[in-house]
Structure formats: structure tokens, C-alpha cells
Amino acid sequence: MLDSGVKRFLLLGLVFVGLIITGAIVLEVLEGYQITTTEFYGIRNIGFVTYSLSLLFAYGHHLAAIYVIIVIPISWLLRKRVHSTMIRILIYICSWGVGGIWVFDQLYSEYFVVGYGLNRMTSIWIFAVIGLLYAIAEHRILKSRSA
């Protein structure tokens, strides 16, 4: 299906951005719905489509840069140095979970975290699961080269 490495990494880049945006939306539904003030613009205030597009336009270019500068080299190093698929998956799960902290801090200021009792662990778990999904997608897409 995919005949060149560039196409594979472009597809993985789209998967990467799509998973992070999806994770941010799930986080907003689970944690952001607790915020009931008009000071915060989440799905409850501005709607699903507007919120999703605002995430994409506000963070899409950052995510593309993170993918090209950080994720591709780390992915390449993991494939070259870590031969066990399960260990690579575990590394992705842990690193995406830590990345969930960054996403949480981007979406919610300390004012909302303290005032509405938001939980960072929700973000860590969401993004750990998304790390698993990304690892599976990467394995399948890059393995298609050998088929």
C-alpha cells in the first residue's frame, strides 16, 4: 500500500496529530466539563466543532514540529536500538503519559485546576492509552514496508 518511507512518515504524522487532538477532546469531556464558568472556553461553551478546530489551528503547527524534530528521531532510534516490540510499546506508553501532563498544562491553568479540582492523572492515563494506539499504528504502518 505505502511504497515509500516518506509516505509512511507523513501518514504517521497525521496519526500523531489526530491522536493528540482526540486525546485533548477526550480530556476536555472528562475534566473540562467540570469547569462551569464563562472564563473558560471549552466544548460546553463553544461547541464540539469549534473547540476541535481551535485545537487544531492553535496547536497543529506545534504538533507538526514536535513530530518532525522529536518523534521521528526517537522512533528511528527505538527501532534501531530496541529490538523488542513490547519494550518499544512500553516506552511509548510511558512517554505519551508524561506528554499528557504537558497537554493538561496547556489546556488548563492552575486557577482552574485548583478551583474546580481537575485531576492531572486523567490526562496521563488518556495519553498513555493514546501512546499504545500510536505504537500499534507505527508498528503496522512501518511493517507494511516489509510486506
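Presented here is an overview of the structure given in this document. (Residues numbered from 1 in each chain as written. Predicted model: local features only at pLDDT ≥ 70, side-chain atom pairs only at ≥ 80, totals over all residues. Heavy atoms only, no water.)

As a volume, the largest pocket reaches approximately 380 Å³. Lining the largest pocket are 17 residues, with Phe16, Ile66, Val71, Ser95 and Trp96 positioned closest to its centre. Elements with a contribution of two residues or more to the lining of the largest pocket: α1 (5-30), α3 (48-81) and α4 (85-107). In terms of residues, the lining of the largest pocket owes the most to one element, α4, which gives eight residues. Among the residues making up the lining of the largest pocket, the classes are represented as 14 nonpolar, three polar and no charged. (1 Å grid on protein atoms, 1.4 Å probe; cavity = no way out; pocket = protein on both sides within 12 Å on 5 of 7 lines; lining within 4 Å. Points joined across faces, edges and corners; volume = space filled by probe spheres on them. Helix = DSSP H or I, 4+ residues; strand = E, 2+ residues; numbered from the N terminus. Nonpolar A, V, L, I, M, F, W, Y, C, P; charged D, E, K, R; others polar.)

This part takes up the side chain of Ser75. Mapped onto the elements of the fold, Ser75 is located in helix α3. Apart from the residues lying within four places of it in its own chain, the contact partners of Ser75 are Tyr92 and Glu138. (Contact = heavy atoms within 4.5 Å.)

This part is about the nonpolar core. Counting 36 residues, the largest nonpolar core has Phe16, Trp96, Leu107, Tyr108 and Tyr134 as its most contacted members. Put simply, the parts of the chain that give this core at least two residues each are α1, α3, α4, α5 (110-116) and α6 (120-143). Top element by residues in this core is α1. It accounts for nine residues. Contacts of Trp96, omitting those with residues within four sequence positions, involve Phe16, Leu19, Ile20, Phe127, Ala128, Ile130, Gly131 and Tyr134. (Core = buried A, V, L, I, M, F, W, Y, C linked by side-chain atoms within 4.5 Å. Buried < 20%, exposed > 50% of the residue type's maximum accessible area, 1.4 Å probe, protein only.)

To continue, consider empty space enclosed by the protein. Considering all chains together, one arrives at one cavity of 30 Å³ or more under this definition. When contributions to the lining of the largest cavity are tallied by element, the ones reaching two or more residues are α1, α3 and α4. With four residues, the single largest contributor to the lining of the largest cavity is α4.

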